[in-house]
Amino acid sequence: MFQKMIDDSMKRSPWIFHINAGSCNGCDIELVSVLTPRYDAERFGFRLTGSPRQADIVVVSGPITLQSRDRMIRTLAQVPEPFCVVSLGSCPRSGNVFKGSYAIDGPLEKWTHVDVSVGGCTPKPEAIIAALAKASAILEEKRKAMRQADKADKEKRS
Amino acid sequence: MSFDILWFAFHILIFPGLLFIVVMGVLLMGINNKMVARMQNRVGPPILQPWYDFLKCCGKETIIPRRAQKFVFIGAPILGFAVLITAALFIPFGGSSVLSSTGDIVVILYLLTFCSVMSIVGAAASGSPYAGVGLSREMVAMIAYELPFVLVLLAVGKLAGSDSAQGVTFSLATITEWQTAHLPVICHISMIPAAIAMLFVIPCEIGMHPFDIAEAETELCEGTLTEYSGAPLGVYKLTHCVKVYVMTALFTALFMGGITTGMVVVDVLIKILVCLVVTFLSMTLPHAVCARFKVEQVFKFYWTFVSALALISLVLVWIGL
Ligand code: SF4
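The rules behind these values
- Residues numbered from 1 in each chain as written.
- Chains lettered and ligands numbered in written order.
- Predicted model: local features only at pLDDT ≥ 70, side-chain atom pairs only at ≥ 80, totals over all residues.
- Heavy atoms only, no water.
- Helix = DSSP H or I, 4+ residues; strand = E, 2+ residues; numbered from the N terminus.
- Expected span 1.5 Å × (residues − 1).
- Buried < 20%, exposed > 50% of the residue type's maximum accessible area, 1.4 Å probe, protein only.
- Contact = heavy atoms within 4.5 Å.
- Buried area = accessible area lost by both parts, 1.4 Å probe.
- Salt bridge = Lys/Arg side-chain N within 4 Å of Asp/Glu carboxyl O.
- Polar contact = N/O pair within 3.5 Å; in protein donor to acceptor, adjacent residues only side chain to side chain.
- Nonpolar A, V, L, I, M, F, W, Y, C, P; charged D, E, K, R; others polar.
- Pairing = 2+ DSSP bridges.
- Right-handed = clockwise from strand over helix to strand, strands pointing away.

Draft legend 1. Focus on helix α5 (residues 125-157) of chain A. Residue and element names in this part refer to chain A. Taking 1.5 Å of rise per residue, the 33 residues of α5 would be expected to cover 48 Å, and the 48 Å separating its terminal C-alpha atoms lies within 8% of that figure. What α5 keeps buried is the set Pro125, Ile128, Ile129, Ala131, Leu132, Ala135, Ser136, Leu139, Glu140 and Arg143. Each element contacted by the buried residues of α5 is listed here: α1 (2-10), β1 (15-20), α2 (26-34), β3 (57-61), β4 (84-88) and β5 (116-118).

Following this line, the structure appears as structure tokens:
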């Protein structure tokens, strides 16, 4: 029962960590506006955290520049399982206006799993909230899958 | 005999022990968050949000950094939580407290400091430079609030001890008795500055928003908590909630204790109401109104304004007003 409660709370308190991989700052401002009183994502339990160790949802914006690529990969490696990656805006999807530049190394799918992707330059705050809500639902599924895998593992060993 | 032990265990584990303390802490914290949100014209997170946060943290993977001191890193949050629960057992809530001695106040002061020191120790063991900056700030905050805190406790002790032979009392039971015999401490005009000082000490002791210089998430990547993940982080968050209860309950015991109607249930309800009011005044208002202070601003504020308020009360009590 305790495990069920944990599964349930997984989607109720997703903490967001934001990685800026060379974004033009447009998407970053929209992400912050989601947390302001007007859209108030905190009512679903979303919180911006400052450390990747405490993140449940990692939001990546920007077209993955060469400079930020290694740092992004290193940061993603520090996030404890289970976690979701959300790609924010058109940049991490396709490169957007920066496509073809020598300085970028996208898309994001090349480097990590992407659970939810929001399009738009910049996406609307409503769309970002919808994406985050979807990501938190995926988070619960992941946790359940993790638990079942653990169980199967234990049974196999015993 | 065995019934006595059972009764004692019930006191420690259920009421007014572990379960009650945790539930109160989570509720007070949740209601505080909700009130802040309403003051900022938001809907706000659900009241049980701190509890969800704790559960979620329990369900995450716990990463121990390679450079961390494993034993201390895991032990510090657990020890801090245990110490805080022990401190809470000394505070009378409704009826009498579970544990009591002649030096309650000194013990509580030590245990609260120990709890803060545990967060410093945990941060130091994590081996992260952000945590290093965070812990130095935490120390500054501790030095800042400790002075007015001790002054307030001395003032209350002197007032309540005026009947006894020693002159100053450090026992919460004596303070409660004194308040039943006379009026609650806050009704004495000389004690109002001390009460205000205590209201300022509470958020800094807990590390609530305008005074959370050690956990500044925007500048320091969560400061002392940078490297924590999973269950230890959850325990830290729960400790945070419990601290809200401990500090508000301490305020009620010091300044508004001794109001009894004879029925324990009614007493407890009154105490909970007072705790809510204290939470609103000391935590919600500054949180909703102020942005985070700088380190030196916090230090200056506590050592001048708040200490002066506490000192005024102490002097007034000492000359017998
Ligand atoms: S999608 Fe548009 S707004 Fe967002 S980072 Fe790229 S260029 Fe900027």
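Draft legend 2. Structural view of the interface of chain B and chain A. With 30 residues of chain B at the contact, the number on the chain A side is 29 residues. Between chain B and chain A, roughly 2500 Å² of surface is buried when both sides are summed, and carbon and sulfur atoms account for 55% of that area. On the surface where chain B and chain A come into contact, there are five salt bridges. A salt bridge links Lys60 of chain B to Asp56 of chain A, with the shortest nitrogen-to-oxygen separation between them at 2.9 Å. Joining chain B to chain A, the criterion identifies 16 residue pairs in polar contact (both at pLDDT 80 or more). Those elements that place two or more of their residues in the side of chain B that touches chain A are α3 (49-58) and α10 (230-256) of chain B. Top contributing element to the side of chain B that touches chain A by residue count: α3 of chain B, with eight residues. When grouped by side-chain class, the residues that make up the side of chain B that touches chain A number 14 nonpolar, seven polar and nine charged.

Draft legend 3. Looking closely at unusual backbone geometry. All names here are of chain A. Going from Glu81 to Pro82, the amide bond is cis rather than trans, its omega being -10 degrees. Within the fold, Pro82 resides in the loop between α3 (66-77) and β4. Across the junction of Cys121 and Thr122, the peptide omega takes the value -5 degrees, indicating a cis bond. Turning to its location among the elements, Thr122 is positioned in the loop between β5 and α5. Positive phi, normally seen in glycine, also occurs at Asp40, with a value near 45 degrees. Mapped onto the secondary structure, Asp40 falls in the loop between α2 and β2 (47-48). Overall, the relative accessible area of 1% leaves Asp40 in the buried class. The phi angle at Asn96 is positive, at roughly 50 degrees, despite the residue not being glycine. The topology assignment puts Asn96 in the loop between α4 (91-94) and β5. On the basis of relative accessible area, Asn96 is assigned to the partly exposed category, the value being 25%.

Draft legend 4. Structural view of the pairing of β3 of chain A. All names here are of chain A. For β3, a buried count of five out of five residues is recorded, marking the element as mostly surrounded by other parts of the structure. Of the two faces of β3, the one carrying Ile57, Val59 and Ser61 and the one carrying Val58 and Val60 are both buried. Pairing of β1 with β3, which is carried by five bridges, proceeds in the parallel orientation. When the sheet's bridge partners are listed, Asn20 is paired in β3 with Ser61. Bridging between β3 and β4 involves five bridges; their strand directions are parallel. Bridge pairing in β4 places Val58 opposite Val85. Taken together, β3, α3 and β4 form a β-α-β motif whose crossover is right-handed.

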